[in-house]
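# Understanding the architecture of this molecule
Take a look at the letters that make up each chain.
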Amino acid sequence: MAKLSNERKVTYYIGMGLIVLGFILFISVFFQVASFTNDPFSPTSTEPSFSSAIFGFVLMIIGGIVSSIGARGAAGSGVILDPDKAREDLKPFNEAKGQMLNDVIGNIDAVNNITKPTEGKEIIKVKCRSCGALNDEDAKFCKSCGESL
Ligand SMILES: [Zn+2]
């Protein structure tokens with residue numbers, strides 16, 4: 001991280017604070033659950049409130065978003081979208097995707113060349129000097145008269 005403006009530093013710490021607060025809230029409910037299940041007949045134990053666990057969890061998420069805004073700036077976090085900046089951020093990803101697509105297309109071409117080896121290739125025939133029959137380029141003897149080519 002390079003120089004952070006004070007505003008962003010404060011945002012970052014507020015986010016971190018929310019994460020800690022949310023985490024404590026979230027964890028405390030688990031302790032409540034633990035004590036509740038360990039001693040279900042205890043008159044002092046109340047049913048754990050899962051709503052406060054959810055609230056703590058939401059706080060952690062919000063804290064994570066807020067602190068990432070502070071750390072990377074609003075545009076980099078992807079929360080407040082500056083369209084130009086967002087596109088810039090996605091550029092390496094799109095380029096990588098394009099390269100991957102090219103590789104896939106290249107592989108398809110290679111497969112096509114294997115399955116259809118003669119397609120698009122010129123078939124060269126050799127004319128027999130004795131009888132004039134057309135033979136394959138690599139044939140040693142004429143298929144018609146048996147003369148050496
Ligand atoms: Zn021949």
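Just so it is clear, the model here is predicted, and its values are computed rather than measured. (Residues numbered from 1 in each chain as written. Predicted model: local features only at pLDDT ≥ 70, side-chain atom pairs only at ≥ 80, totals over all residues. Heavy atoms only, no water.)

### What about the environment of V10?
Filter applied, for reference: For the purposes of this entry, the term helix denotes a DSSP run of H or I that reaches at least four residues, the term strand denotes a run of E that reaches at least two, and both are numbered from the N terminus. Using a 1.4 Å probe on the protein chains alone, a residue whose accessible area is under 20% of its type maximum counts as buried, one over 50% counts as exposed, and one in between counts as partly exposed.
Here V10 lies in helix α1 (residues 6–38). Owing to a relative accessible area of 48%, V10 belongs among the partly exposed residues under this scheme. As for V10 and V66, which are separated by 56 residues in sequence, their C-alpha atoms are 10.0 Å apart.

### Description of the coordination of the zinc ion
In plain terms, the rule: Metal coordination here is assigned from N, O and S atoms located within 2.8 Å of the ion, or within 3.2 Å for Na, K and Ca; omission of water means that sites may look incomplete. Any coordination sphere not matching a tetrahedral pattern (four donors, all angles between 85 and 135 degrees) or a square planar or octahedral pattern (four or six donors, opposite donors over 155 degrees apart, other angles between 65 and 115) is reported as irregular.
Coordination of the zinc ion by the protein comes from C128 (SG), C131 (SG), C142 (SG) and C145 (SG), over a distance range of 2.2 to 2.5 Å. One way to put it: the four donor atoms around the zinc ion meet at angles of 102 to 116 degrees, and that makes the site tetrahedral.

### Comments concerning the side chain of S67
Using the following cut-off: In what follows, a contact means two residues having at least one pair of non-hydrogen atoms within 4.5 Å.
Among the structural elements, S67 can be located in helix α2 (residues 50–72). What makes S67 buried here is its relative accessible area of 7%. Not counting the four nearest positions on each side in its chain, S67 is found in contact with T11, Y12, G15, M16 and I19.

### A look at the packing of aromatic side chains
Both the distance between ring centres and the angle between the ring planes are used here to describe each pair of aromatic rings. Put simply, the rule is: Each Phe, Tyr or Trp ring, with Trp reduced to its six-membered ring, pairs with another whose centre is within 6.5 Å; inter-plane angles below 30 degrees give stacked pairs, above 60 give edge-to-face pairs, and intermediate values give tilted ones.
Under the criterion given, the structure shown has two aromatic pairs. Ring plane angle 70 degrees and centroid distance 5.7 Å describe the contact between Y12 and Y13, whose orientation is recorded as edge-to-face. The exposure class of Y12 is partly exposed, given its relative accessible area of 23%. Pairing F26 with F57 gives two aromatic rings, centres 5.6 Å apart and planes at 35 degrees, and the pair type is tilted. One end of the pair, F26, is in helix α1; the other, F57, is in helix α2, and 31 residues separate them in sequence.

### Comments concerning the pattern of salt bridges
So the rule is basically this: Here a salt bridge means any side-chain nitrogen of Lys or Arg lying within 4 Å of a carboxyl oxygen belonging to Asp or Glu.
Per the counting criterion, the structure on display carries one salt bridge. A salt bridge links D136 to K125; the shortest N-O distance between them is 2.8 Å. Taken as a pair, D136 in strand β2 (residues 134–136) and K125 in strand β1 (residues 125–127) lie far apart in primary sequence, eleven residues in all. What makes D136 partly exposed here is its relative accessible area of 40%.

### So, a nonpolar patch on the surface
Here is the rule: Each patch is built from residues that are more than 30% exposed by relative accessible area and take part in no salt bridge. Like charges join if they lie within 9 Å; nonpolar side chains (Val, Leu, Ile, Met, Phe, Trp, Tyr) join within 5 Å. Shrake-Rupley sampling with a 1.4 Å probe provides the accessible areas, and residues are treated as covered by the protein chains on show and by no other component.
On the surface, a cluster of nonpolar side chains totalling about 250 Å² of accessible area is made up of I54, V58 and I62. A relative accessible area of 39% places I62 in the partly exposed class.

### Here's the deal with α2
The cut-off we apply is this: Working rule for helices: expected span equals 1.5 Å times residues minus one.
Here α2 is 23 residues long and its end C-alpha atoms lie 33 Å apart, about the 33 Å a rise of 1.5 Å per residue gives. Among the residues of α2, those classed as buried are S52, A53, G56, L59, M60, G63, V66, S67, S68, I69, G70 and A71. Phi turns positive, to about 90 degrees, at G73, one or two residues after α2.

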